[in-house]
Amino acid sequence: MKASIQWDGELRFKATSGSGFEVMIDADQQQGPRPMELILLGLGGCTSYDVVQILKKSRQQVTDCRAEITSERADTVPAVFTKIHVHFVVTGENLKPTQVERAVRLSAEQYCSASLMLERGGVEITHSYEIA
């Protein structure tokens with residue numbers, strides 16, 4: 001993978017992914033999220049992808065999946081994440097709670113590269129879910 005980050009003035013940068021997509025990163029939050037917010041977004045996207053794919057492979061009829069993420073950071077510099085909680089709200093037809101729990105667990109323990117990388121770096125990551 002590759003990425004390019006181009007300064008765009010003030011505390012704003014244009015990030016371009018290797019696949020050609022652009023995202024504005026802005027410490028002042030005028031034109032884009034802050035860098036640490038992007039880490040949470042990446043984690044949420046990674047684990048949500050896993051959960052939906054695992055549920056589909058388990059023949060669960062998922063119609064929606066939302067990951068609500070909260071975090072805590074160190075009070076000192078560097079202000080790294082110390083705790084992250086991912087709460088899934090999964091909607092679908094006749095979803096089996098055991099299958100949803102299994103999908104969340106497999107993502108957390110085996111498949112989500114972002115989650116596993118952060119955990120190995122010392123971040124405490126917890127998960128929960130509800131079926132809506």
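Provided above is the structure to which this section pertains.
This report concerns the structure included in the present document. Chains are numbered independently. Their residues run from 1 in the order of the written sequence. Per-residue local features are limited, in this predicted model, to residues with pLDDT of at least 70; the limit for side-chain atom pairs, both in listing and counting, is 80 or more; totals at the level of whole chains, interfaces and linings are taken over all residues. Computation of side-chain values: all heavy atoms of the structure, hydrogens and water removed.

A run of DSSP states H or I qualifies as a helix once it reaches four residues; a run of E qualifies as a strand once it reaches two. Both are numbered from the N-terminal end. The secondary structure content of the protein chain amounts to three helices and six strands. Along the protein chain, from the amino end to the carboxyl end, the secondary structure elements read β-β-β-α-β-β-α-α-β. Dimensions along the principal axes, computed over C-alpha positions, put the protein chain at roughly 50 × 35 × 25 Å. Two residues form a contact once any of their heavy atoms are found within 4.5 Å. A sequence separation of at least 24 residues applies to 52% of the contacts in the protein chain between residues at least 6 apart. Computed with a 1.4 Å probe, the accessible areas rest on the Shrake-Rupley method; for each residue, only the protein chains presented here act as cover. Accessible surface, the protein chain as shown: approximately 8600 Å² in total, 52% of it carbon and sulfur. Only four residue types enter the charge count, namely Lys and Arg as positive and Asp and Glu as negative; His and the chain termini do not. Every charge is mapped onto a representative atom, which is NZ of Lys, CZ of Arg, CG of Asp or CD of Glu. For the protein chain, the distance from the average site of its 14 positive side-chain charges to the average site of its 17 negative ones is 9 Å.

Here, the term nonpolar core denotes a set of buried Ala, Val, Leu, Ile, Met, Phe, Trp, Tyr and Cys residues that are joined through side-chain atoms within 4.5 Å. Residue burial is assigned from relative accessible area. The probe radius is 1.4 Å, only protein chains are included, and a residue is buried under 20% of its type maximum, exposed over 50%, and partly exposed in between. The biggest cluster of nonpolar side chains holds 22 residues, and the ones touching the most others in it are L43, V51, L55, I84, F88 and V90. At the level of elements, α1 (35-57), β4 (61-73), β5 (81-93), α2 (97-111) and α3 (113-120) are the ones that each hand at least two residues to this core.

What follows concerns the layout of surface pockets. Only protein atoms enter the 1 Å grid used here. Points where a 1.4 Å probe fits but cannot escape make up a cavity, open sets with protein on both sides within 12 Å along at least five of seven lines make up a pocket, and a residue lines them when an atom lies within 4 Å of a point. Grid points are joined across faces, edges and corners, and a volume is the space filled by probe spheres set on the points. Reported here for the largest pocket is a volume of approximately 560 Å³. For the largest pocket, the lining is made up of 18 residues, of which M1, A3, S17, L38 and G42 are closest to its centre. Looking at the lining of the largest pocket, the elements that each hand over two or more residues are β1 (3-7), β2 (12-17), α1 and α3. If you tally residues by element for the lining of the largest pocket, the top one is α1, at four residues.

Turning our eyes to something else, we now look at the packing of α1 against α3. Direction vectors running N to C along α1 and α3 enclose 125°, while the axes themselves pass 7 Å from each other. Judged by the angle between their axes, α1 and α3 are oblique. Two secondary-structure elements touch here, α1 through I39, G42, L43 and C46 and α3 through S113, A114, S115 and L118. Grouping the constituent residues of the contact of α1 with α3 by class yields five nonpolar, three polar and no charged. Note on geometry: axes are C-alpha line fits, over the in-contact stretch for helices, and angles between N-to-C directions span 0 to 180 degrees. Note that the term roughly parallel is reserved for angles under 35 degrees, roughly antiparallel for angles over 145, roughly perpendicular for angles of 65 to 115, and oblique for everything else. Residue classes follow a fixed rule: Ala, Val, Leu, Ile, Met, Phe, Trp, Tyr, Cys and Pro count as nonpolar, while Asp, Glu, Lys and Arg count as charged, and any other residue, Gly among them, counts as polar.

Moving on: a nonpolar patch on the surface. A cluster of nonpolar residues, I5, W7 and F13, forms a patch on the protein surface that exposes about 330 Å² of accessible area. Tracing the backbone shows I5 in strand β1. A patch is a set of surface residues, each over 30% in relative accessible area and not in a salt bridge, joined within 9 Å for like charges and within 5 Å for the nonpolar side chains Val, Leu, Ile, Met, Phe, Trp and Tyr. Counted as salt bridges are all cases of a side-chain nitrogen of Lys or Arg within 4 Å of a carboxyl oxygen of Asp or Glu.

Turning to the pattern of salt bridges, a few remarks are in order. Scanning all chains against the criterion turns up five salt bridges. Here R12 makes a salt bridge to D8, at a shortest N to O gap of 3.1 Å. Here D8 falls in the partly exposed class, since its relative accessible area comes to 39%. Among the ionic pairs, E68 bridges to R66, the shortest N-O distance being 2.9 Å. We classify E68 as partly exposed; its relative accessible area is 35%.

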